[in-house]
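# Remarks on the overall topology
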Amino acid sequence: MHVFVTGGTGTIGSAVVAELLTHGHTVLALARSDKSAQALTDAGAQVLRGQQADLDVLRAGAAQSDGVVSLAFGSDYSTDAALARSIAEEGAALAALGEELLGSDRPIVTVSGTPWVPGRPSTEADPAPTDGPVGGRGRSVNALLDLASRGVRAMAVRMPRTVHNEGKGGFAGLLTDQARRTGVSGYPGDGTQRWPAVHALDAAVVFRLALESAPAGTTWHAVADEGDAVRDIATVIGRQLGLPVEQVPQENFGPFGPIFAMDQPASSAHTRQVLGWQPTHPSLLEDLENIQP
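Residues numbered from 1 in each chain as written. Predicted model: local features only at pLDDT ≥ 70, side-chain atom pairs only at ≥ 80, totals over all residues. Heavy atoms only, no water.

### Section: the packing of helix H6 (residues 170–182) against helix H8 (residues 230–241)
- The interhelical angle for the contact between H6 and H8, taken along N-to-C directions, is 45°, at an axis separation of 10 Å. Looking at the two axes, H6 sits oblique to H8. Like other packed secondary-structure pairs, H6 and H8 cross with a definite hand, here right-handed. Touching Ala-172, Leu-175, Thr-176, Ala-179 and Arg-180 of H6 are Val-230, Ile-233, Ile-237 and Leu-241, all from H8.
- Residue composition of the contact of H6 with H8, by class: seven nonpolar, one polar and one charged. (Axes fitted to C-alpha atoms, helices over the stretch in contact; angles between N-to-C directions. Helix = DSSP H or I, 4+ residues; strand = E, 2+ residues; numbered from the N terminus. Parallel < 35°, antiparallel > 145°, perpendicular 65-115°, else oblique. Left-handed = near helix turned anticlockwise from the far one by under 90°. Contact = heavy atoms within 4.5 Å. Nonpolar A, V, L, I, M, F, W, Y, C, P; charged D, E, K, R; others polar.)

This is the structure in structure tokens:
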């Protein structure tokens, strides 16, 4: 399969590109900079220059491919407005890609986040949140999945709060960055709230399996660790950086503060059973031992 990938140089995307190439697919990847283009070329992918906001470029990439994996998302989460812009840009990109695939029965796999359900781990059957600070992502993904009735094999792979590789990435990575800036390995709330996690190399397998065989309109969970206590995450970060571990106000984490403070474990039992997925790489707490001072 010749696959068009956006976001192919990120923590998830670089792993997905490698996973696809290793399993006999070819990749056309979007690159917005010379540095990204070189990284993708070195990985063995073909390059299409442009940005996620270039909807005509996205349509052209989808038009010349047998399937699409959409992973691009903005990198500025510093304010509510910046996060909202990234969500809106992602929604417009998904709409353009889906429109290009109408009636073709070609697959598109997009990325989403595991939902939070009070009192239990969320499952693949739980609906995506469509309100709150990231509700726009849920609405965009739902719109894409609805294209299953219009000849698009659309699927969503929900990612846990931390997708990690070599101790970097995801919400745990944001805690690490904050700790380096402030000199304190801080956590919001009482620290007992749980965040699910997955190694990027394990997550990449779910994207490939969904692209290759999952039915239209389906949702999958790339979750390896059902839920790690945030205080435990902060403790490893603090130990690796030689910093004190302390509770801090959730406001310290900007627009992500309310999300950081939530208990949000997630299950992947259905994904493992149906797709035959089995994570094999280190857990989050093990991988955080790779953080360097």
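Still more to cover.
### Notes on unusual backbone geometry
- Although it is not a glycine, Asp-105 adopts a positive phi angle of roughly 60°.
- Tracing the chain through its elements places Asp-105 in the loop between helix H4 (80–101) and strand E5 (107–113).
- Not every positive phi belongs to a glycine, and Glu-166 is a case in point at roughly 55°.
- By the secondary structure assignment, Glu-166 is in the loop between strand E7 (162–164) and H6.

### Description of the domain arrangement of the protein chain
- Here the protein chain is described as being made up of domain 1 (2–161 + 197–221) and domain 2 (167–196 + 227–265 + 281–289).
- A straight line from the C-alpha centre of domain 1 to that of domain 2 covers 26 Å.
- The interface of domain 1 with domain 2 comprises 19 residues on the first partner and 17 residues on the second.
- Regarding the contact of domain 1 and domain 2, the summed buried area is about 1,600 Å², with carbon and sulfur atoms giving 67% of it.
- On the domain 1 side of the interface with domain 2, the three residues burying the most area are Trp-116, Arg-161 and Ala-197, jointly 40% of the side's total.
- If you look at where domain 1 meets domain 2, you find five residue pairs in polar contact (both at pLDDT 80 or more).
- The set of elements that each furnish at least two residues to the side of domain 1 that touches domain 2 consists of H4, strand E9 (194–199) and helix H7 (200–213).
- When the residues that make up the side of domain 1 that touches domain 2 are grouped by side-chain class, the tally is nine nonpolar, six polar and four charged. (Domains from an automatic or database assignment. Buried area = accessible area lost by both parts, 1.4 Å probe. Polar contact = N/O pair within 3.5 Å; in protein donor to acceptor, adjacent residues only side chain to side chain.)

### Considering the pairing of strand E10 (residues 218–221)
- Burial along E10 is two-sided: Thr-218 and Trp-220 and Thr-219 and His-221, pointing in opposite directions, are all buried.
- One ladder, built from four bridges, connects strand E6 (residues 153–159) with E10; its direction is parallel. Paired with Val-157 across the strands is Trp-220, a residue of E10. (Buried < 20%, exposed > 50% of the residue type's maximum accessible area, 1.4 Å probe, protein only. Pairing = 2+ DSSP bridges.)

### Thoughts on the nonpolar core
- Counting residues in hydrophobic clusters, the biggest one holds 36 residues, and the most contacted among them are Val-5, Val-16, Val-69, Leu-71, Val-157, Met-159 and Phe-207.
- Counting residues per element, this core draws most heavily on H7, at nine residues.
- Excluding its chain neighbours within four sequence positions, the residues that come into contact with Phe-207 are Ile-12, Val-16, Val-69, Leu-71, Val-109, Thr-110, Val-111, Val-157 and Met-159.
- Formed by 24 residues, the second largest nonpolar core is a distinct cluster that contains Ala-179, Ala-197, Val-236 and Phe-260. (Core = buried A, V, L, I, M, F, W, Y, C linked by side-chain atoms within 4.5 Å.)

### A word on the packing of aromatic side chains
- Counting across every chain of the model gives six aromatic pairs.
- Each ring, one from Phe-171 and one from Phe-260, has its centre 4.6 Å from the other, and the planes form 55°; the classification is tilted. With Phe-171 in helix H6 and Phe-260 in helix H9 (residues 257–260), the pair connects residues that are 89 residues apart, well separated along the chain.
- The exposure class assigned to Phe-260 is buried, which follows from its relative accessible area of 1%.
- Grouping aromatic residues by their ring pairs yields a cluster made of Phe-171, Trp-195, Phe-253, Phe-256 and Phe-260. (Phe/Tyr/Trp six-rings, centres within 6.5 Å; stacked < 30°, edge-to-face > 60°.)

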